[in-house]
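This is what each chain is made of:
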Amino acid sequence: MISTKVQMNFATFLLYTFSFFLLWEWLRPVEQLTDTGNLGVFLGFIILALILAFLNVPPLLKWLVKLVYILLQIQSIYYDGSILNVSWLGTFFTDVTRNLGLVWNGDFMGLSNPFRTLLFFILLWIMAYLIHYWILKTRRILVFFFMTILFITVLDTFTPYEGDGALVRSGIVGFSIMGMLTFYRLVERENIQLKNLPTRKWVVPLAIMIAGSAFIGYAAPKSEPIWPDPVPAFLINKNGDGGEGERRAGYGSDDSNLGGPFVGDGTVVFRAEMEQRHYWKVETKDHYTGKGWNVLVPDSFNENSFLDFSENSPIPITSFHSKDPEDTKSSTVFNQFDYGHIQYPHGVVKVETEELYLYRLSPLTERISAFRDLEPEAPSSYTVEYKVPSFQVETLQNGMPSKDEYYMNYILNNYTQLPENLPSSVRDLALEITEGKENWYDQVEAIENYFHSNGFVYDQVNVEVPEEGEDYVAQFLFETKRGYCDNFSTSMAVLLRTLDIPTRWVKGYTSGDYIRTLDSGNRMYEVTNNHAHSWVEVYFPEVGWVPFEPTKGFSNNIAFSSETNRVTPVDMEETQETTAPIPDPPELEEAGSSASFTDNISNQWKGKVGNFFKDQHKGIILLFAFIIGVGTYLTRGKWLPHYYIFIYKSKKEDKHFPSAYITLLSQLERFGLKRKSGQTLREYARVVDARLEGREMRVLTDRYEQFLYRGNLKDGTWSETKEMWEELMKKIVT
Amino acid sequence: MSTQINPAIERILDNIDKVMTGKRDVAELSLVALLSGGHVLLEDVPGVGKTMMVRALAKSISAELRRIQFTPDLLPSDVTGVSIYNPKEMEFEFRPGPIMGNIILADEINRTSPKTQSALLEGMEENSVTVDGVTHKLEKPFFVMATQNPIEYEGTYPLPEAQLDRFLLKMKMGYPTVHEEIEVLNRAQKVPPIEDLEPVVDLLELQKLQKEMMDVYVDPSIRRYIVNLTTETRSHPKVYLGVSPRGSIALMKTAQALAFSRGRDYVLPDDIQYLAPFVFSHRIILKSESRYEGLSTEDIVTEVLASVPVPIQRLVK
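Residues numbered from 1 in each chain as written. Chains lettered and ligands numbered in written order. Predicted model: local features only at pLDDT ≥ 70, side-chain atom pairs only at ≥ 80, totals over all residues. Heavy atoms only, no water.

1. As for the UniProt feature "transmembrane region" (unreviewed entry) in chain A
All names here are of chain A.
So, point 1. Here the UniProt-annotated "transmembrane region" (unreviewed entry) positions come out as residues 7-27, 39-65, 114-135, 142-161, 167-187 and 199-220.
So, point 2. Across residues 39-65, helical content stands at 85% and strand content at 0%; the span's end C-alpha atoms are separated by 19 Å.
So, point 3. Here residues 199-220 runs as 95% helix and 0% strand, with 29 Å between its end C-alpha atoms. (UniProt positions renumbered as here; feature names shortened; annotations may be inferred. Helix = DSSP H or I, 4+ residues; strand = E, 2+ residues; numbered from the N terminus.)

See the structure below:
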């Protein structure tokens, strides 16, 4: 065969298949990042081009087939009417000539879609040819492989495209191609005549090496990026406030359509100096629509209903009635973003700033907007004073629906609202969960705990948007069981409301990431958009609003104390890890000195590797079992004959002779002396004896023939032939 | 190998060897056919020793040899015999034809008309001939060794497939090797040794051998193997008509005879594989397109033998 022709064997086929996968990695992001549709058509073209190259189709025919394919596809995408009606060709060619003029003038934006498609096809054509050339002629693909990796990493970094899977895939595929091509290059350089890849000497080690390195790469811990992800910033610039479908982490005011995945966003919103960790509230919502939350504005509501106050005057919010009015603490906020509102802890009493600000509280949402010179503007830093929330469990348990007017009129009206079309299964579930719980507190606890098990998973990516007519809560509770804080908190609120327990939905931030401890003993935290959070507050008569945290992986840092068992308040240090919305790396204590830093890195590695082995122990055991299995299988020539000799050593009766003979046949086959199915035992014995330079096989076969074709086994056959059998077995140890 | 060739058979073969150079395999096969009560079709050009072999065989078993030279004008009565009016006795008297012998050499059987051919073939099948409504039993043993010129020769009446089926084995004699032919020349200088050949087995003994041969054991796995082979020829894509059940029987019987003559009391797949080309090749009709491809029935048999697995384990009962 001439060297320019493709050898049509399996290895070449594999090479082309791998190249197809590499090319595919180039097309995948195109679909996601541009508005290119009909990706299948282009994939089809690549497949066609590679198949034509593989099948050694004559060049002219190859060109013709590709050309016809391109024209057919362009016709079917852009032009109406039957394929047989060729009048569109005229239109197309005028279009192409016009577009060529545009290209000449540099007016690239004016190009028409059919022309762009044509250009894209030509690009793919060139790519496919190059691949073919690299594989076949130069036997080198590193450049292309490297470009692929570069392409994916750049896209991964600077666009929303997630290249993790693509990197792993193209890594495996690329190294496989390079491994095979290296072999062919060696073969060509040394002028060796070889038809196929030698499996044992090349393919198996190659596969093991690639699989092994992929595994290690996958298993090993990866350090966090050293600069923040630039994508969210790009997205903000591009889309303004939020896009369709995918949500962005962070604070937004429109919650009427919840659901769907969101992109993480590490942009810092504010830093806070806190005496004690706490969540930051921004506003609450009371009206559940079946898709999300909004605020029902009563008719009586007008401009005067807002409660205005200035700093140092008490904030007109009564969140709860504390038993210990003395226990107040304060936190200081340093804003990085101006959202026009301030965020405050539960139980806020007072807000202080250096400059003069006016505040306006919306009694419906408890949102506090800040104004300076009558223009909305949040202070760049302020200090909030708050009563530390602490609740007596007994009080909560004993509090029953009271008959006071405020409660009856306002609370029950507003905070037990549910949409009319809420599936009754939600209420059934609530009743089921709270079965046997007598008082509200126990019921609320039961529902809060329900989310901590029962198959719920915290996930920011694979989160579905409810379909038309589908309830957001019902979908999460019964179908997906997968979501983030909005799913958990909304579901808990709705479940409680079905039991007529007044509940509201709260939005804000978690306490953020620990930065350092200040000289004052206070701690500095950094709150990013990733820390945006939502939770639930339940109204207990005579107590007020009590926060609860249903979201899996988060913990409520509100202290519940009990007279009988006074253990709480919850230790803040312990809950640090779990309060962040995205699991943080273990915090670095005294992250200043370099020695402790490297210590930490190694600890981090150890921890991560340890965790990996803990999490994946089944997989690892399976993998080791697999490796051992493969190893034992590959070396079976060394131990299997001895094993059989050992097994048959103790067998004395003649009846074991036939099975011993059959075993010998299978071992001879393993040794490389394969008996053709049409070959008689006698002929085969001749071949075996000639190869092994003996006459044992003839004798054994003669006995076996008598057993098989005569139907009798002479007494003592096995004892007479055993030695020869062992002799043969020993000869075929490889 | 512990097994030895059957002594009686060995005597016959050695005896034939005295006059024939090489060709022991053809002699053995003829003997196999004789033992299993079948007939042999030799297809070869004249002058390679067909007649000599048959004569040597007949002499060795002290059988009567009749020879029919088939010509286009030969009549059926020339084969079977004819009833002639005897004026003395005032009745028809049957004058037996050459078919009334132990070993018949039917030379160039495809030179005569189908009518005459069928007279012989009927006798071969029925072991009797009917002349003028009277059935005459043939001699026992009755063994026909027919020869035919290769079919492509002009002036031949090819035997129909149904009649070819009557022959147990069809084989080729083939030219001797150089050394064998030199030996033939050496011997030809002297008096033809065939005249001095002594019988080594008498007819009674032969009949005993024929009976003993029937006791050779055929394992069920071997029977299955035979049937697998024949069914494979029937389903072969290049074959128009495969081997008939009569072919299966023929293969089993000859295999028994071969095993017997080689001194074994059981049949091996080797026997089957050795005999299959001789038993099968004239029982297979190729599709015309395969014939034009230059395939022969022997190729098909080789292919079938290679593809059908040899039994190497006990059948599960």
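2. Let's talk about the pattern of salt bridges
So, point 1. Going through the model one piece at a time under the given rule, you end up with 33 salt bridges over all chains.
So, point 2. In this structure, glutamate 283 of chain A engages lysine 507 of chain A in a salt bridge whose closest nitrogen and oxygen atoms are separated by 3.9 Å. One end of the pair, glutamate 283 of chain A, is in strand β4 (residues 280-285); the other, lysine 507 of chain A, is in strand β18 (residues 503-509), and 224 residues separate them in sequence.
So, point 3. Classification of lysine 507 of chain A as buried rests on a relative accessible area of 5%.
So, point 4. For arginine 504 of chain A, the salt bridge goes to glutamate 366 of chain A, with nearest N and O atoms at 3.1 Å. One end of the pair, arginine 504 of chain A, is in strand β18; the other, glutamate 366 of chain A, is in the loop between β11 (358-362) and β12 (367-372), with 138 residues separating them in the sequence.
So, point 5. Residue class for glutamate 366 of chain A comes out buried when judged on its relative accessible area of 10%.
So, point 6. The structure contains a network of salt bridges with shared partners spanning Glu125, Asp165, Arg166, Arg246 and Arg283 of chain B. (Salt bridge = Lys/Arg side-chain N within 4 Å of Asp/Glu carboxyl O. Buried < 20%, exposed > 50% of the residue type's maximum accessible area, 1.4 Å probe, protein only.)

3. Concerning the interface of chain A and chain B
So, point 1. On the side of chain B, 24 residues touch chain A, which itself brings 20 residues to the contact.
So, point 2. Summing both partners gives a buried area of about 1900 Å² for chain A against chain B, and 52% of it is carried by carbon and sulfur.
So, point 3. Taken as a group, Leu708, Tyr709 and Arg710 of chain A account for 35% of the area that chain A buries against chain B, more than any other trio of residues on that side.
So, point 4. The interface formed by chain A and chain B holds one salt bridge in total.
So, point 5. A salt bridge links arginine 710 of chain A to aspartate 265 of chain B, with the nearest nitrogen and oxygen atoms 3.2 Å apart.
So, point 6. The interface formed by chain A and chain B includes seven residue pairs in polar contact (both at pLDDT 80 or more).
So, point 7. Contributions of two or more residues to the side of chain A that touches chain B are made by α20 (656-671), α21 (681-692) and α22 (696-710) of chain A. (Contact = heavy atoms within 4.5 Å. Buried area = accessible area lost by both parts, 1.4 Å probe. Polar contact = N/O pair within 3.5 Å; in protein donor to acceptor, adjacent residues only side chain to side chain.)

4. A look at helix α14 (residues 472-480) of chain A
Residues and elements named next belong to chain A.
So, point 1. Residues Tyr472, Val473, Ala474, Gln475, Phe476 and Leu477 constitute the buried set of α14.
So, point 2. Where α14 is buried, its residues contact β5 (287-288), α12 (424-433), β17 (482-483) and α15 (485-498).
So, point 3. By the N-cap criterion, in which a side-chain oxygen at the helix start approaches the backbone nitrogen of a residue two or three places on, α14 is capped by aspartate 471, the distance to valine 473 being 3.0 Å.
So, point 4. Just downstream of α14, lysine 481 is the residue with a positive phi angle, here 55 degrees.

5. Digging into the packing of helix α2 (residues 24-35) of chain B against helix α11 (residues 269-280) of chain B
All names here are of chain B.
So, point 1. Relative orientation of the contacting elements α2 and α11 amounts to 80 degrees, with a least axis distance of 12 Å. Judged on the interaxial angle alone, α11 and α2 are roughly perpendicular. Here Asp25, Glu28 and Leu29 of α2 lie close against α11, whose contacting residues are Tyr274, Leu275 and Phe278.
So, point 2. Of the residues in the contact of α2 with α11, the class split is four nonpolar, no polar and two charged. (Axes fitted to C-alpha atoms, helices over the stretch in contact; angles between N-to-C directions. Parallel < 35°, antiparallel > 145°, perpendicular 65-115°, else oblique. Nonpolar A, V, L, I, M, F, W, Y, C, P; charged D, E, K, R; others polar.)

6. Focus on the sheet that holds strand β1 (residues 40-43) of chain B
Residue and element names in this part refer to chain B.
So, point 1. Taken in spatial order, the five strands of this open sheet run β2-β5-β8-β1-β9, and their pairing is parallel. Two strands bound the open sheet, and with one partner strand each, they are β2 (65-69) and β9 (169-171). Sheet twist, expressed as the average angle between the axes of neighbouring strands with direction ignored, equals 15 degrees.
So, point 2. By the bridge criterion, four bridges tie strand β5 (residues 103-107) to strand β8 (residues 143-148) in an arrangement that is parallel. Counterpart to isoleucine 103 in the pairing with β8 is phenylalanine 143. (Pairing = 2+ DSSP bridges.)

7. Structural notes on a nonpolar patch on the surface
Residue and element names in this part refer to chain A.
So, point 1. A surface patch of nonpolar side chains, about 570 Å² in accessible area, is lined by Val143, Phe146, Met147, Leu150, Val154 and Phe158.
So, point 2. With respect to the helices, strands and loops of the structure, phenylalanine 158 is situated in helix α6 (residues 142-158).
So, point 3. Assessed through its relative accessible area of 44%, phenylalanine 158 is described here as partly exposed. (Patch = residues over 30% accessible without salt bridge, like charges linked within 9 Å, V, L, I, M, F, W, Y side chains within 5 Å. Areas by Shrake-Rupley, 256 points an atom, 1.4 Å probe, with all protein chains shown as cover.)

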